[in-house]
Amino acid sequence: MAKQPEDWLDDIPAPQDEDDDEIIWVSKSEIKRDAEILKKLGAELVELSKNELERIPLDSQLLDSIEIAQRITREGRRRQLQFIGKLLRSRDVEPITEALDKLKNRHNQQVIIMHKLEDLRMRLIDNGDDVIEEVVNLFPHTDRQQLRVLVRNAKKEREGNKPPKAFRQIFQYLKELSETA
């Protein structure tokens, strides 16, 4: 049966309130900026080590693409980074960025701890027994005698312009103490 001329009105959707379907227009520039941000995120992921990548929630396709990008160079790498950015557009990147931020923060915290240990080492060599007491208070399982010997040897090395063997040993000892604390 053929459609009657009045039936064509049935094919037209009914008008809806403008509040129900609000159309959000996104500019071409904004789309490009978002794509560039995802490409940079992909580049950060490519720079991570295998152990660090295991801590980030990635699906197998994205992980494989990142591993390929880590193996190739120059123009191929650039194109692979573009592809990784394209893959990231279809994924929820919030868990990925959160995990990446945690990794960066952990690194920053480790750097701060190392700087504090270096400062403690310098104070040990400059001030001796007073700072040794501070170290014992910070790390109760410190071998006071071993630390005194290392500090004494480091002072002798400095005075005699010798290689800083004990100087390095003090840092290693303080690092071990901080890791076991």
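Fair warning: this is a prediction, and the values are worked out from it, not measured in the lab.

Undergrad: Kindly report on the side chain of Arg 121, identifying the contributing residues and their values.
TA: Here Arg 121 lies in helix 5 (residues 94-127). There is no salt bridge for the buried Arg 121, and the closest opposite charge comes from Glu 118, which lies 4.8 Å off by N-O distance. Among all residues touching Arg 121, those that are not within four sequence positions of it are Phe 167, Arg 168, Ile 170, Phe 171 and Leu 174.

Undergrad: So what about the nonpolar core? Which residues, and what values?
TA: Counting 20 residues, the largest nonpolar core has Leu 45 and Ile 56 as the members making the most contacts within it. Put simply, the parts of the chain that give this core at least two residues each are helix 1 (28-46), helix 3 (60-71), helix 4 (74-89) and helix 5. With 19 residues, the next largest nonpolar core counts Leu 117, Phe 139, Ile 170 and Tyr 173 among its residues.

Undergrad: How would you summarise the environment of Ile 125 if you had to cite specific residues and measurements?
TA: Within the element layout of this structure, Ile 125 appears in helix 5. Remark: the alpha-carbon pair of Ile 125 and Arg 148, spanning 23 residues in sequence, is separated by 9.7 Å. In this structure, Ile 125 is in contact with Val 151, Ala 154, Lys 155, Arg 158, Phe 167 and Ile 170, ignoring residues within four places of it in sequence.

Undergrad: Would you mind going over a negative patch on the surface in detail, with residue names and values included?
TA: Taken together, Asp 92, Glu 94, Glu 98 and Asp 101 make up a surface patch of like negative charges. Inspection of the secondary structure assignment puts Asp 101 in helix 5. We classify Asp 101 as partly exposed; its relative accessible area is 46%.

Undergrad: Tell me about helix 6 (residues 129-138), and name the residues and values.
TA: Buried within helix 6 we find Val 131, Ile 132, Val 135 and Val 136. Seen end-on, helix 6 carries its buried residues on one side only, within an arc spanning 150°. Looking at helix 6, the residues exposed on the side facing more than 90 degrees away from the buried face are Asp 130 and Asn 137. Along its buried surface, helix 6 packs onto helix 5, helix 7 (144-159) and helix 8 (165-180).

Undergrad: Break down the packing of aromatic side chains for me, citing the residues and quoting the values.
TA: Applying the stated criterion across every chain yields a total of zero aromatic pairs. Between the NZ or CZ atom of Arg 121 and the centre of the ring of Phe 167, over which it lies, the distance is 3.8 Å.

Undergrad: With reference to specific residues and values, describe a nonpolar patch on the surface.
TA: A surface patch of nonpolar side chains, about 310 Å² in accessible area, is lined by Ile 24, Val 26 and Ile 31. Summarising the element assignment, Ile 24 is placed in the segment before helix 1. Accessibility expressed as a relative area gives 68% for Ile 24, which makes it exposed.

The rules behind these values
- Residues numbered from 1 in each chain as written.
- Predicted model: local features only at pLDDT ≥ 70, side-chain atom pairs only at ≥ 80, totals over all residues.
- Heavy atoms only, no water.
- Helix = DSSP H or I, 4+ residues; strand = E, 2+ residues; numbered from the N terminus.
- Buried < 20%, exposed > 50% of the residue type's maximum accessible area, 1.4 Å probe, protein only.
- Lys, Arg positive; Asp, Glu negative; His and termini not counted.
- Salt bridge = Lys/Arg side-chain N within 4 Å of Asp/Glu carboxyl O.
- Contact = heavy atoms within 4.5 Å.
- Core = buried A, V, L, I, M, F, W, Y, C linked by side-chain atoms within 4.5 Å.
- Patch = residues over 30% accessible without salt bridge, like charges linked within 9 Å, V, L, I, M, F, W, Y side chains within 5 Å.
- Areas by Shrake-Rupley, 256 points an atom, 1.4 Å probe, with all protein chains shown as cover.
- Charge placed at Lys NZ, Arg CZ, Asp CG, Glu CD.
- Arc of directions from axis to C-beta.
- Phe/Tyr/Trp six-rings, centres within 6.5 Å; stacked < 30°, edge-to-face > 60°.
- Lys NZ or Arg CZ within 6 Å of the ring centre and 35° of its normal.

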